[in-house]
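Next come the chains, spelled out residue by residue.
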Amino acid sequence: MRFTGLTFFTKHSFRLAALVIIVFSSSLIGCSSSLEEELAQKPVKEKIDAVGKGEDQASGGKEDPAEGAEDGETPVKQEPAEEQKPGEEPQTPVAPGPPAAPGAPVTPEKSETPQAGPVRPTTALKDAFDFPVGAAVVYERLKNEPYSSTLKREFSRLSSESNFKFHMLQPQEGKFNFAKADAIVAFAQQHNMKVHGHTLIWALDGITPKWVLNYKGGEKEFDALLKNHITTVLKHFKGKVSSWDVVNEALTPGGGYVDNIWLRKLGEGYLLKALKYAQEADPSVKLFLNDYSQEYGGKKLTKYLKIVDEARAKGIRVDGLGFQMHTVLRVDADMVRQSFAKAAAKNLLIHLSEFDVSLKYQKPDTFELTEELSKAQGAKVKALVQAYLKGVPKHLQFGITTWGVSDKDSYFNRGYSNFNHDYPLLFDKNYKPKDAYYGFLEAGLGK
Ligand code: XIL
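None of the values given here were measured: they were computed from a predicted structure.

About the thresholds
Residues numbered from 1 in each chain as written. Predicted model: local features only at pLDDT ≥ 70, side-chain atom pairs only at ≥ 80, totals over all residues. Heavy atoms only, no water. Core = buried A, V, L, I, M, F, W, Y, C linked by side-chain atoms within 4.5 Å. Buried < 20%, exposed > 50% of the residue type's maximum accessible area, 1.4 Å probe, protein only. Contact = heavy atoms within 4.5 Å. pLDDT = per-residue confidence, 0-100. Helix = DSSP H or I, 4+ residues; strand = E, 2+ residues; numbered from the N terminus. Expected span 1.5 Å × (residues − 1). Phe/Tyr/Trp six-rings, centres within 6.5 Å; stacked < 30°, edge-to-face > 60°. Lys NZ or Arg CZ within 6 Å of the ring centre and 35° of its normal.

Peer 1: Is there a simple way to think about the nonpolar core in this case?
Peer 2: Ranked by internal contacts, the top residues of the largest apolar core, which has 109 residues, are Leu151, Trp262 and Ile350. Among residues more than four places away in sequence, those in contact with leucine 151 are Ala135, Val137, Leu142, Leu158, Phe187, Met193 and Val405.

Next up, the structure:
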């Protein structure tokens with residue numbers, strides 16, 4: 001399934017150029033918020049970069065996270081995100097010293113003077129919420145420490161960065177390979193965690209296996225292909241994977257359909273077909289549409305809500321919306337809360353499915369995580385988790401999943417050996433909880 005980025009780029013350069021033009025023009029015409037415009041470009045550009053590099057490769061099987069290709073994918077470049085504006089979020093008091101490890105009792109220091117730092121809660125993340133708290137994992141890392149023990153201690157749901165994607169499960173026509181995904185499921189079962197499947201279809205040709213892109217046939221053949229993949233996968237994981245992202249990133253920031261092989265062969269209805277086949281294969285499973293930047297409440301969210309109405313009018317179930325929430329410091333938590341509430345008003349489960357807060361905006365290629373940045377991130381994470389708790393009624397709170405465990409695992413740091421390219425997650429590269437962790441936890445504890 002390997003092909004070079006150059007060959008791929010040459011072959012697809014017209015399509016890529018068209019995509020760039022569409023994306024840029026739609027954001028110029030349609031978006032009201034400049035932050036939305038800027039961020040909406042981010043994942044698309046990442047994908048253009050990824051496509052240019054030929055990201056659709058067979059599993060590389062490298063085991064050193066620093067090498068960054070153990071899930072068979074090349075590192076993805078990140079677009080800069082903007083810093084927090086002064087006064088945007090209340091500042092937390094400055095705490096001297098490192099935070100206490102979670103689960104460990106907070107031991108008072110032998111000192112006459114009272115401690116200046118805040119007393120940190122010691123509850124595990126998963127015990128601070130009524131819904132599952134998840135992390136996206138990579139199969140090869142499950143044997144690593146403290147990756148594995150951190151997962152067991154803090155999280156109650158697993159997703160996977162890539163091990164459940166089409167190109168990983170069916171790298172060749174009809175030859176399914178469930179080994180790595182099964183191992184993730186086994187790990188989850190052993191440690192009493194749920195599993196969320198990510199993703200049956202990723203609406204991007206750069207990620208779709210080449211054999212699918214080259215598959216001979218028209219609507220009928222592609223319909224059968226779609227049905228066969230979804231049915232085989234859902235039946236394989238029946239009773240083990242309780243929810244699925246059925247289609248990932250189907251829409252452009254302007255609310256149009258992303259061009260891809262399924263759209264070209266099956267038309268816009270491919271989305272509803274995918275949902276229908278999933279529902280038929282395993283009626284008990286919760287079905288999600290997952291995407292980035294709906295949190296800005298713009299055209300993309302509006303279009304998803306319309307698709308949900310259309311699906312339901314045809315008797316096709318959509319249980320929830322996945323808000324990826326790869327976000328940045330300056331995002332306005334109240335705007336995000338309103339977007340959650342708008343989606344939840346459709347009686348949709350809301351999953352923050354790929355949560356992280358990038359600090360990269362206007363930073364050089366590598367930079368330090370200063371105390372100030374760390375605190376700002378903690379405050380933002382807390383505000384966003386609170387926005388979820390306030391914006392989504394309890395019965396629709398499906399959960400929050402972070403995209404990785406520590407900054408060392410983050411896909412933003414993939415391929416950067418020092419892991420100091422960005423610091424988007426809850427644990428630092430030594431798996432010590434950051435202010436972001438405590439912000440998340442305190443939101444759950446109502447502090
Ligand atoms: C990313 C993985 O984290 C990387 O390891 C892989 O190289 C590319 O895909 N949005 C999504 C996820 O929906 O599937 C992406 O995962 C990150 C962006």
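So that's the structure; there's more coming.
Peer 1: Please clarify how the confidence of the model for the protein chain should be interpreted in this entry.
Peer 2: Any residue range with low pLDDT should be treated as having predicted coordinates unsuitable for detailed reading. Taken over all residues, the pLDDT of the protein chain has a mean of 82, while the share at 70 or more is 74%. Averaged pLDDT values for the elements of the protein chain fall to 38 in helix α1 (residues 5–30) and rise to 99 in strand β9 (residues 397–402). Low pLDDT, under 50, characterises residues 1–34; the stretch is placed with 42 contacts to residues that sit more than four places away or in other chains. Note that residues 72–113 has pLDDT below 50 and, in this model, 99 contacts with residues that lie over four places away or in other chains.

Peer 1: Quick question: what am I supposed to make of helix α9 (residues 270–281) here?
Peer 2: The periodicity of an α-helix, 3.6 residues per turn, causes residues three or four places apart in sequence to face the same way. Across its 12 residues, α9 extends 16 Å between first and last C-alpha, which sits within 8% of the 16 Å expected from 1.5 Å per residue. For α9, the set of buried residues is Tyr270, Leu271, Leu272, Ala274, Leu275, Tyr277, Ala278 and Ala281. On the buried face of α9, the contacting elements are β3 (194–202), α7 (219–236), β4 (243–248), α8 (261–266), β5 (286–291) and α10 (299–313).

Peer 1: What am I meant to see in the packing of aromatic side chains here?
Peer 2: Two aromatic rings are characterised by how far apart their centres lie and by the angle between their planes. Under the definition given, this model contains 21 aromatic pairs. Centre to centre, the rings of phenylalanine 166 and tryptophan 211 are 6.2 Å apart; their planes meet at 55°, and the pair counts as tilted. Note that phenylalanine 166 is positioned in helix α4 (residues 166–169) and tryptophan 211 in helix α6 (residues 210–213), a separation of 45 residues in sequence. Through a chain of ring-to-ring contacts, three or more aromatic side chains come together here, namely Phe129, Phe131, Phe323, Phe340, Phe355, Tyr388 and Phe440. Geometry around phenylalanine 398 places arginine 157 over its ring, the cationic atom sitting 3.8 Å from the centre. A cation over an aromatic ring shows up here: lysine 300 above the ring of tyrosine 292, its NZ or CZ 3.4 Å from the ring centre.

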